[in-house]
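# Examining the three-dimensional arrangement
What follows is each chain in one-letter form.
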Amino acid sequence: MRFGVKVPTILVLCLASTALCSAWIPSPSNLDGIHALVRRRIPKHTSSFNFELTNGSGDSFVVSDSRGKEGGIVVQCTTISACARGLYTYLTRFGGVDIFWTGSRLDQLPAQLPSVGTPVEGSAVVPYRYHFNTVTFDYTAAFYTFDEWSLLLDWMALRGVNLPLAWDGYEYILVDVFRGVGLSEADISAFLSGPAFQAWNRFGNIQGSWGGPLPQQWISDQFTLQKQILQRMVELGMTPVLPSFTGFVPSALKTAFPNASIVAGSEWSGFPSSITNDSFLEPFDPLYAIIQKSFITKQLEAYGNISHIYTLDQYNENSPFSGDLNYLHNVSLNTFNSLRAADPDAVWLMQAWLFFIDSAFWTLDRIASYLGGVPGNDSMILLDLYSEAQPQWQRTSSYFGKSWIWCELHDFGGSMGFEGNLATLTTSPLMALHAPGSSMKGFGLTMEGQEGNEIVYDLLLDQAWSSSSIDISSYVSSWVSRRYQVKNLPPSAQQAWTILSSTVYNNTDPNTQATVRSILELAPSLTGLVNRTGPPTPTELFYDTNSTILPALKLLVQASKQNTALQAVPEFAYDVVDVARQLLANRFLDVYEVLVARYNTETDTAEAVAAAGNPLLTILSELDRLLLTNEHFLLSSWIRDARNWANGPNKSQYAAYLEYNARNQITLWGPDGEISDYASKQWAGLVGSYYLPRWEMFTTYLQNTKKNGEVYNSTLIAQQLLAFGQQWDNQTWGEHSGEMWGTHGDTWQIVDEVVEKYT
């Protein structure tokens, strides 16, 4: 269960006095954060672990038994991050316990701690272990409280992450900066975007908010949350990547500074000009450096001197004003100079997605000019965002010597379909690291959303601590044993994952290397849904359901009956629902193709089309019923988390605003469905109240055209679906029949029914 934000007294005081804020930033040699992690996650063993910082280069640790203290464990480490990783190594390798996105099971560590015997050593093979995509802060963490952040940060720390992106609270600083250059509250408000869409405002893709202006209360609350997040990050040995001024500004700045060099950005994803074409203050204008200095100074006062690494993306799915090589060079040169003027030790971190997604513009000479404007190779870090499928480091000769991080993108929009390539994750990063002339400095996770497929992310972070490729078979076996922590784990559970890891997690086709989207989540149509390839929303199934998903599900169900204790393991229940979900999603594809074939047969009647359409609706009903049994697959949780941020005198109106944002992101994604279904989810409630009615509308329309002898009109049905989506986005959860909060139903009974029916 999630709760409202808990705000420590010191953070409340920080809002009023920035002078207090640096007091809670711990020393890099302070191990209090690691001890606090043990108290949070392993409370029965708070005195069992000793940590000792030692001299040494890089991040390394040694785990051993305590000398003269029976049952104690010592972790010697060169950094706080290495301490956390050393602790994790003991917990997983000797304790057999783990921590997951679904919760921490570290408290199941045996009362009598297993001994280590021969000391275990470990070292990171790269200095940076990075986490987050800018858009993860909306697709996954838009409505996180510190409770959710606490679990995620502990998950990250234990796996060795030491370079996390930290975007929350950005608008609080930015608004203060804009006020300082004379912009009015109305000017600023017209620029900022809603809570579920802030990432794209930060990228300069959109401006304004189609659900109403961003409340000041939200801005203040997120600033408070950011202070909590940063404190915890630093305590856990992480160096936060902080925001900076990118150059995107309210259009009113041109009126306030008529001589400033401000250009209009490009149109993004079909949005109307009123909410895209963001104004861009060019970095060679003197005003840019002034605003940058103001932003970083205010941020330093608010958070303390905790990092010199700044995220700054100017052309993420935006086109530069000019492709002239000197222009691009001057943009980056002056951008970097503005950072160094504000912070002499500044390092610029940038997502390199632009070089792939707009490769026609970003030719090698333009990339070289843009990157070449930043002097030195260690003053910039590039995130090779989609390394597992579309790496750019090779065509750019290791980014022309600039430091870069091998990243796994994998998930677009928080999609939930099964997919992965474990073999690539254990070989390609090491190959890149040791390539001639390589300037690679890290491994990173840059998924847009964190929605399942957890094993692929765990593996990459673990590979960052192994100089040789991890053996996938033994890794999967150990991972499953920890994930399903019961005595006498049935072999069938391991067998299920042997199938999955060698098939759905062994995708070698770069054209489909991303989470596979089910067509049930997409706007119904007769064409264009099946066999899509390439990012961001492939729908092509690269595996055979009957030899992969179906037998894996049967084996998991068998394991649950062989050892019923598994049914009480949250991760096991999650996985069973997830695999059953995938089976139903794949069966939906099968019956959809039957429907299309029937409709396209001239001799088939309206009754035949109706008969072909009914199985689609049945599957959606069954899927909704299945998902409703597990807390991690609920639309109501997403809406509840959004509405729980509402407070103040207009709480009801504020809550409705937040719910609209939450609903619109996962459905229309824009006022008029500009990128509809990009962030779709297979959640109970969303399937039943949104996808099912859309497919009912579609199948009914097909029946009527057959009955009346009319020609299929794709524009007409698209308009009807858009109108339905706009109506749905403005509803309030719980006010319609069947809309429930929390879980309902018996997972195991429903899964048995699914297996029996769809075998």
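About the cut-offs
- Residues numbered from 1 in each chain as written.
- Predicted model: local features only at pLDDT ≥ 70, side-chain atom pairs only at ≥ 80, totals over all residues.
- Heavy atoms only, no water.
- Helix = DSSP H or I, 4+ residues; strand = E, 2+ residues; numbered from the N terminus.
- Rg over C-alpha atoms; globule rule 2.2 N^0.38 Å.
- Buried < 20%, exposed > 50% of the residue type's maximum accessible area, 1.4 Å probe, protein only.
- Contact = heavy atoms within 4.5 Å.
- Areas by Shrake-Rupley, 256 points an atom, 1.4 Å probe, with all protein chains shown as cover.
- Lys, Arg positive; Asp, Glu negative; His and termini not counted.
- Charge placed at Lys NZ, Arg CZ, Asp CG, Glu CD.
- 1 Å grid on protein atoms, 1.4 Å probe; cavity = no way out; pocket = protein on both sides within 12 Å on 5 of 7 lines; lining within 4 Å.
- Points joined across faces, edges and corners; volume = space filled by probe spheres on them.
- Nonpolar A, V, L, I, M, F, W, Y, C, P; charged D, E, K, R; others polar.
- Pairing = 2+ DSSP bridges.
- Axes fitted to C-alpha atoms, helices over the stretch in contact; angles between N-to-C directions.
- pLDDT = per-residue confidence, 0-100.
- Salt bridge = Lys/Arg side-chain N within 4 Å of Asp/Glu carboxyl O.
- Core = buried A, V, L, I, M, F, W, Y, C linked by side-chain atoms within 4.5 Å.

## Remarks on the overall build of the chain
In terms of helices and strands, the chain carries 27 helices and 16 strands. Against the 2.2 N^0.38 benchmark of 27 Å for 759 residues, the chain shows a C-alpha radius of gyration of 26 Å, consistent with a compact globule. Its C-alpha atoms give the chain principal-axis dimensions of roughly 75 × 75 × 60 Å. Taking all 759 residues of the chain together, the buried fraction comes to 62%. Of the contacts formed within the chain by residues at least 6 apart in sequence, a portion of 76% connects residues at least 24 apart. Summing over all exposed atoms, the chain offers an accessible surface of approximately 26,300 Å²; the carbon and sulfur share of this is 51%. Counting 45 positive and 72 negative side-chain charges, the chain places the centres of these two groups 5 Å from one another.

## Section: the layout of surface pockets
The volume enclosed by the second largest pocket comes to roughly 720 Å³. Elements supplying a minimum of two residues to the lining of the second largest pocket: helix H13 (353-357), helix H25 (686-708) and helix H26 (714-729). Counting residues per element, the lining of the second largest pocket draws most heavily on H26, at five residues. Residue classes in the lining of the second largest pocket are distributed as 24 nonpolar, ten polar and seven charged.

## Brief notes about the side chain of Thr548
In this fold, Thr548 is placed in the loop between helix H19 (491-502) and helix H20 (549-562). Not counting residues within four places of it along the chain, the set of residues in contact with Thr548 comprises Ile499, Thr503, Val504 and Tyr543.

## Looking at the sheet that holds strand S1 (residues 49-53)
In space, the four strands of this open sheet follow the order S1-S3-S2-S6, with mixed pairing throughout. Each edge of the open sheet carries a strand with a single partner, namely S1 and strand S6 (120-123). Taking the axes of each pair of neighbouring strands and ignoring which way they run, one obtains an average angle of 15° across the sheet. As paired elements, strand S2 (residues 60-65) and S6 share four bridges and run antiparallel to each other.

## Brief notes about the confidence of the model for the chain
This prediction gives the chain a mean pLDDT of 95; 96% of its residues lie at or above 70. Considering only residues more than four positions removed or in separate chains, one finds that residues 1-26, a stretch of pLDDT under 50, has 46 contacts.

## Points about the pairing of S2
One ladder, built from five bridges, connects S2 with strand S3 (residues 73-77); its direction is antiparallel. Counted as the bridge partner of Phe61 is Cys77 from S3.

## Some points on the pattern of salt bridges
Enumeration over the complete set of coordinates arrives at 26 salt bridges. Note that Asp176 and Lys298 form a salt bridge whose closest N and O atoms lie 3.3 Å from each other. Of the two residues, Asp176 sits in helix H6 (residues 170-180) while Lys298 sits in helix H11 (residues 286-303), which places them 122 residues apart along the sequence. Classification of Lys298 as partly exposed rests on a relative accessible area of 26%. Lys757 serves as the salt-bridge partner of Glu622, at 2.7 Å between the closest nitrogen and oxygen. With Glu622 in helix H22 (residues 606-627) and Lys757 in helix H27 (residues 747-758), this pair connects stretches of sequence that are 135 residues apart. Linked by salt bridges that have partners in common, Asp98, Arg159, Asp458 and Arg482 make up one network.

## Some thoughts on the side chain of Asp458
Tracing the backbone through its elements, the reader meets Asp458 in helix H17 (residues 454-463). Accessibility expressed as a relative area gives 0% for Asp458, which makes it buried. Contact partners of Asp458, with chain neighbours within four places excluded, come to Trp155, Arg159, Tyr475 and Trp479.

## So, the sheet that holds strand S15 (residues 403-408)
Sheets are built from strands paired through backbone hydrogen bonds, the pairs being either parallel or antiparallel. Here we have seven strands laid out as an open sheet, ordered S8-S7-S16-S15-S14-S13-S12, and parallel in their pairing. Edge strands, defined here as strands with exactly one partner in the open sheet, are strand S8 (163-164) and strand S12 (309-311). Pairing geometry for strand S13 (residues 347-351) and strand S14 (residues 380-384), over four bridges, is parallel. The partner of Leu349 across the bridge, within S14, is Ile381.

## Here's the deal with the nonpolar core
By size, the foremost hydrophobic cluster in this structure holds 266 residues, and its most contacted members are Phe49, Trp149, Phe355 and Trp669. Per element, the largest residue contribution to this core is 17 residues, and it comes from helix H21 (residues 570-599). Contacts of Phe355, omitting those with residues within four sequence positions, involve Met350, Trp362, Ile367, Tyr370, Leu371, Leu382, Gln392, Arg395 and Tyr399.

## Re unusual backbone geometry
Pro536 follows Pro535 through a cis peptide bond whose omega is 5°. In this structure, Pro536 sits in the loop between H19 and H20. Here the phi dihedral of Phe400 falls at roughly 50°; this positive angle occurs in a residue that is not glycine. Along the polypeptide, Phe400 turns up in helix H15 (residues 397-400). Residue class for Phe400 comes out partly exposed when judged on its relative accessible area of 35%.

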